[in-house]
Amino acid sequence: MAQPPTTHDQQPEALGPRSRSEFERAKRITPGGSMRLASYFTPHPPFVARGSGAWVTDLDGRRIFDCANNFFSLIHGHAFAPVMRALHEVLDEGTAFGIPTVHEIELASEIRSRSPQLEQVRFVNSGTEAVMFAVKAARGITGRHAIAKFEGAYHGAYDPVEISLDPTPQTWGEAAPASVGYARGSPPSLLSDTLILPFDDPAMCRRLLQENADRLAAVVLDPLASRAGMVPAHQWMLEAVTDCCRKFGILLVLDEVISYRLGYHGGHDIFGLEPDLVALAKIVGGGLPIGAIAGPAHHMSVFNHTKGKPAVAHGGTFSANPLSMVAGLMALRAYDETAVTRLNEMGRQLRERINEQFVRRGLPAQVTGAGSLFRLHLTRRPISGYRSCFPSPSQKQALAAIHFSLLERGFLLTPNCSGALSTPMSEHEVEAAGAALVQAASDFYAKNGWSDRTS
Ligand SMILES: Cc1ncc(COP(=O)(O)O)c(C=O)c1O
């Protein structure tokens, strides 16, 4: 297996001439030269030519160890052989049909066999859609219209769950978290219909949920919210939420778009939760577009269309397309209990080693995360939620510099310096990625120093 690049000069520069010229071409055809906000960083990302296992190769021939894994969706890295074989097989049969294929039953059954409480499943094409339909289902089931979500938590691009995605100290409110608009021009009613909860204050959560119980259809919760610090939700927080949900008839919608990978039986099992509905995406598509809403049959019946118009109408031209179905099935089958345990243990060791090094070197930095996920923060302060990891302007600049310096060293993280392991990664490669991260942070601080503002 190929080894991580060890020095800069074994490789072409981080942004070679072909990536540079393609970026110029892209700028003319799409705003900002990138089709996705999340995959852009300054000066610009390299353009990828192909990927294999844990590695991608850019247009200039530079090899990069990929810890971003298309925003944590590629549990087996790139071009995973069982997925590619299955795709080749079904490709010749056609790519999408207006009537069902057996592949959708098989993927749904695989999800149910891993998590028996997810008795029924509906497929969509993204995590955004999965969360959207789960929220609509909660409204349809309860007859209530408002939802609650946690400050800073990302659940995709459905308007109500974008509220308070990026509040600042100037807007986030003092006594209780304010509902802060995200997209300019979004309707003011969204603000009043989305209650914002603090991730690290169960007493306040209880109070807010009780006060708003009559109008709340759902609490949307990601138990490992990446943008709220990527710290696992505390047991006392989960108890506060589940207690209130049960007491006030509010549905618990668990966003497992990322956290499904944490356990063979899914994120809800790891956190000991019994959600009313679950939103899935990312790894369950095996590298192809997917989303899924899943839950007990009595809740999922809200989508049942056999007795006239259902309470919640759900469709989608490409929902349950056979390519995503077979890719997801192959990916999940290969992500068995052994693979889950191995990846989680590698993640644990990675976070532990990095944090030890930060302490040993006296650097104001730490990584958070769980299972095979990690995120870098440039502070020693304990991270407990969105506000505790809100970066100052200088921390933001520092994170961007460390991210780019890692790319120069041949390692790709997401632009906010988080990452996810994939099964083709070896222990040696993961260790090298951790060492590179520590070195990139050390070099940054050695060159720029740090102050109270950055730590
Ligand atoms: C927790 C969470 N929910 C929902 C989404 C939206 O998923 P998608 O990008 O597939 O629409 C994401 C995407 O990163 C996510 O991280």
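Residues numbered from 1 in each chain as written. Predicted model: local features only at pLDDT ≥ 70, side-chain atom pairs only at ≥ 80, totals over all residues. Heavy atoms only, no water.

Before going further, it helps to examine the overall build of the protein chain. Tallying secondary structure elements over the protein chain gives 15 helices and 14 strands in all. Taking 23 Å as the expected radius of gyration for a compact globule of 455 residues, we find that the protein chain reaches 22 Å, a close match to that expectation. C-alpha extents for the protein chain along the principal axes are approximately 65 × 60 × 45 Å. In the protein chain, which comprises 455 residues, the proportion classed as buried is 56%. For the protein chain, the exposed surface amounts to about 19,700 Å²; the carbon and sulfur share of it is 54%. Treating the 43 positive side-chain charges of the protein chain as one cloud and the 44 negative ones as another, the clouds have centres 4 Å apart. (Helix = DSSP H or I, 4+ residues; strand = E, 2+ residues; numbered from the N terminus. Rg over C-alpha atoms; globule rule 2.2 N^0.38 Å. Buried < 20%, exposed > 50% of the residue type's maximum accessible area, 1.4 Å probe, protein only. Areas by Shrake-Rupley, 256 points an atom, 1.4 Å probe, with all protein chains shown as cover. Lys, Arg positive; Asp, Glu negative; His and termini not counted. Charge placed at Lys NZ, Arg CZ, Asp CG, Glu CD.)

Note that side chains of opposite charge can pair when their charged atoms are close. A full pass over the atoms with the stated rule returns twelve salt bridges. Between Glu211 and Arg207 there is a salt bridge, with the nearest N and O atoms lying 3.2 Å from each other. Of the two residues, Glu211 and Arg207 both sit in helix α8 (residues 202–211), four residues apart, roughly one turn of that helix. Each of Arg206, Asp243 and Arg246 takes part in salt bridges that share partners, so that together they form one network. (Salt bridge = Lys/Arg side-chain N within 4 Å of Asp/Glu carboxyl O.)

Attention now goes to the site of the ligand. Taken together, Ser126, Gly127, Thr128, Tyr154, His155, Gly156, Asp222, Asp255, Val257, Ile258 and Lys282 form the complete shell of residues around the ligand. Here Gly127 contributes a backbone N or O atom positioned 2.8 Å from an oxygen atom of the ligand. At 2.7 Å from a nitrogen atom of the ligand is found a side-chain nitrogen or oxygen belonging to Asp255. Protein chains bury 81% of the 390 Å² of accessible surface belonging to the ligand in isolation. Residue composition of the shell around the ligand, grouped by class: three nonpolar, five polar and three charged. (Near = heavy atom within 4 Å. Polar contact = N/O pair within 3.5 Å; in protein donor to acceptor, adjacent residues only side chain to side chain. Nonpolar A, V, L, I, M, F, W, Y, C, P; charged D, E, K, R; others polar.)

Here we have three strands laid out as an open sheet, ordered β11-β12-β14, and antiparallel in their pairing. Either end of the sheet is taken by a strand with one partner, and the two such strands are β11 (366–368) and β14 (418–420). For this sheet, the mean inter-axis angle between neighbouring strands, taken without regard to orientation, is 25°. Lying over the sheet, helix α13 (residues 337–361) contacts β11 and β12 (373–377), oriented at roughly 160° with respect to β11. (Pairing = 2+ DSSP bridges. Axes fitted to C-alpha atoms, helices over the stretch in contact; angles between N-to-C directions. Contact = heavy atoms within 4.5 Å.)

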